[in-house]
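Residue-level listing of the chains:
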Amino acid sequence: VAVVRSLRDGPPDLHTLTDAIAAVPLPPTVEALGSLPAMLPDVLARGAALPLIPDEPLFEVASANVKAMLAIQAGNTEGARQLCAKLPELSSSDSLSLALALNRTLIGISHMWDGNAYRAEATLRPALIDAERSTGRRGTIAGLYAAVLAGALLERDQPAAAQALLAYRLDVIERVGLPDVILS
C-alpha cells in the first residue's frame, strides 16, 4: 500500500521506490526465499537437465516453456528462442492454446531482452490479432500478448499506441501476466 501511495505523488526516484519496497514487512515464508538469487545457478542447471516428455504435446510445450523461461533468466535469449522453435507444429486445441501462447510470448520477451522491439512486435502483433478474434480483447491470451507488445511499442517511442493497446485490459494483465512483463 505504501508503494502504491508513493506512486500517486508522481514517479519516484529509484532510491525512494527501493526504500518503500524494502520497508514492507515480509511474511516468514517469503523471508525464507531471500536466498533465492543465490540458488538461481543451481535451479538453472537442474532446469536444463529436465527431459522433454514426448508422448503428450501439452507436457512437451510446458517443458519447453519452463526451459525457455530459465534460459531467459540466465541471459540466454537465443537459446530460449531455439527451445521455443523446436516444438513441432501443433494444432491449438483448448488444452494447448495457453501453453502455445506462453511459448510465443516468451519469444517476444526474449526479443525484448535483446533490445529488439521490432522483432518482438513482428512476433506478437499477428498473434494478438488472432487472439482478440478468437477470445476477445480481454481474453487471457490477448492479455499476455498485449503486455509484451505494449512494452515493445514503448521501446519504439510510441506511448499513445501502447496506451491504446493496454486500455481496458490492465486488470487482465495483472491477473494473468508474467512478472517480467508487469515489472517492465
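Residues numbered from 1 in each chain as written. Predicted model: local features only at pLDDT ≥ 70, side-chain atom pairs only at ≥ 80, totals over all residues. Heavy atoms only, no water.

Colleague: Help me out: how do you make sense of the overall build of the protein chain in this one?
Modeller: When you go through the protein chain residue by residue, the secondary structure sums to twelve helices and zero strands. Along its sequence from the N terminus, the protein chain presents helices and strands in the succession α-α-α-α-α-α-α-α-α-α-α-α. Every one of the 184 residues in the protein chain was classed for burial, and the buried ones make up 34%. If you sum the accessible surface of the protein chain, you get close to 11,400 Å²; carbon and sulfur atoms cover 61% of it. (Helix = DSSP H or I, 4+ residues; strand = E, 2+ residues; numbered from the N terminus. Buried < 20%, exposed > 50% of the residue type's maximum accessible area, 1.4 Å probe, protein only. Areas by Shrake-Rupley, 256 points an atom, 1.4 Å probe, with all protein chains shown as cover.)

Colleague: Explain the side chain of Thr77 here, please?
Modeller: Tracing the chain through its elements places Thr77 in helix H6 (residues 77-85). Judged by its relative accessible area of 8%, Thr77 is buried. With near-sequence residues (within four places) excluded, Thr77 lies in contact with Ala71, Ser110, Trp113 and Asp114. (Contact = heavy atoms within 4.5 Å.)

Colleague: What is the right way to read unusual backbone geometry from this model?
Modeller: Backbone geometry follows two general trends: most residues other than glycine have a negative phi, and most peptide bonds adopt the trans configuration. Here Asp157, not a glycine, exhibits a phi torsion of approximately 60°, which is positive. With respect to the secondary-structure elements, Asp157 resides in the loop between helix H9 (140-155) and helix H10 (159-166). Its relative accessible area of 64% is what places Asp157 among the exposed residues. With a phi angle near 60°, Tyr168 is a residue other than glycine that sits in the positive phi range. Structurally, Tyr168 can be placed in the loop between H10 and helix H11 (170-176).

Colleague: Just checking my understanding: could you explain the packing of helix H8 (residues 117-135) against H9 for this structure?
Modeller: If you want to describe how two helices pack, look at the angle between their axes and the distance between the axes. Two elements in contact, H8 and H9, have axes separated by 9 Å at closest approach and are oriented at 150°. It follows that H8 is roughly antiparallel to H9 by the angle criterion. The handedness of the crossing between H8 and H9 is left-handed. Only Ile141, Ala142, Tyr145, Ala146, Val148, Leu149, Ala152, Leu153 and Glu155 of H9 make contact with H8, whose side of the interface consists of Ala117, Ala120, Glu121, Leu124, Arg125, Ala127, Leu128, Ala131 and Glu132. Of the residues assigned to the contact of H8 with H9, the class counts are 14 nonpolar, no polar and four charged. (Axes fitted to C-alpha atoms, helices over the stretch in contact; angles between N-to-C directions. Parallel < 35°, antiparallel > 145°, perpendicular 65-115°, else oblique. Left-handed = near helix turned anticlockwise from the far one by under 90°. Nonpolar A, V, L, I, M, F, W, Y, C, P; charged D, E, K, R; others polar.)

Colleague: Just checking my understanding: could you explain the side chain of Ser110 for this structure?
Modeller: Secondary-structure assignment places Ser110 in helix H7 (residues 94-113). Judged by its relative accessible area of 0%, Ser110 is buried.

Colleague: Hey, could you run me through the nonpolar core in this one?
Modeller: Soluble globular proteins: nonpolar side chains tend toward being buried together. Ranked by size, the top nonpolar core spans 25 residues in total, and within it Leu106, Ile109, Leu128, Tyr145 and Leu165 carry the most contacts. Those elements that place two or more of their residues in this core are helix H5 (57-73), H6, H7, H8, H9 and H10. Element by element, the count of residues in this core is highest for H9, at eight residues. (Core = buried A, V, L, I, M, F, W, Y, C linked by side-chain atoms within 4.5 Å.)

Colleague: What is the right way to read the pattern of salt bridges from this model?
Modeller: Two side chains of opposite charge can pair, provided their charged atoms sit close to one another. A complete count under the given rule lists eight salt bridges for this structure. The shortest N-O distance in the salt bridge between Glu78 and Arg81 comes to 3.0 Å. Highlighted residues: Glu78 and Arg81, both in helix H6, separated by three residues, approximately one helical turn. Taking the relative accessible area as the measure of exposure, Glu78 reaches 40% and is therefore partly exposed. The exposure class assigned to Arg81 is buried, which follows from its relative accessible area of 14%. (Salt bridge = Lys/Arg side-chain N within 4 Å of Asp/Glu carboxyl O.)

Colleague: I tried to follow the packing of H5 against H6 on my own but got confused; where do I start?
Modeller: Relative to each other, H5 and H6 sit at 170°, their axes nearing to 7 Å. Between H5 and H6, the interaxial angle falls into the category roughly antiparallel. Here Ala64, Lys67, Ala68, Ala71 and Ile72 of H5 come into contact with H6, specifically with Thr77, Gly79, Ala80, Leu83 and Cys84. Residues belonging to the contact of H5 with H6 are distributed by class as follows: seven nonpolar, two polar and one charged.

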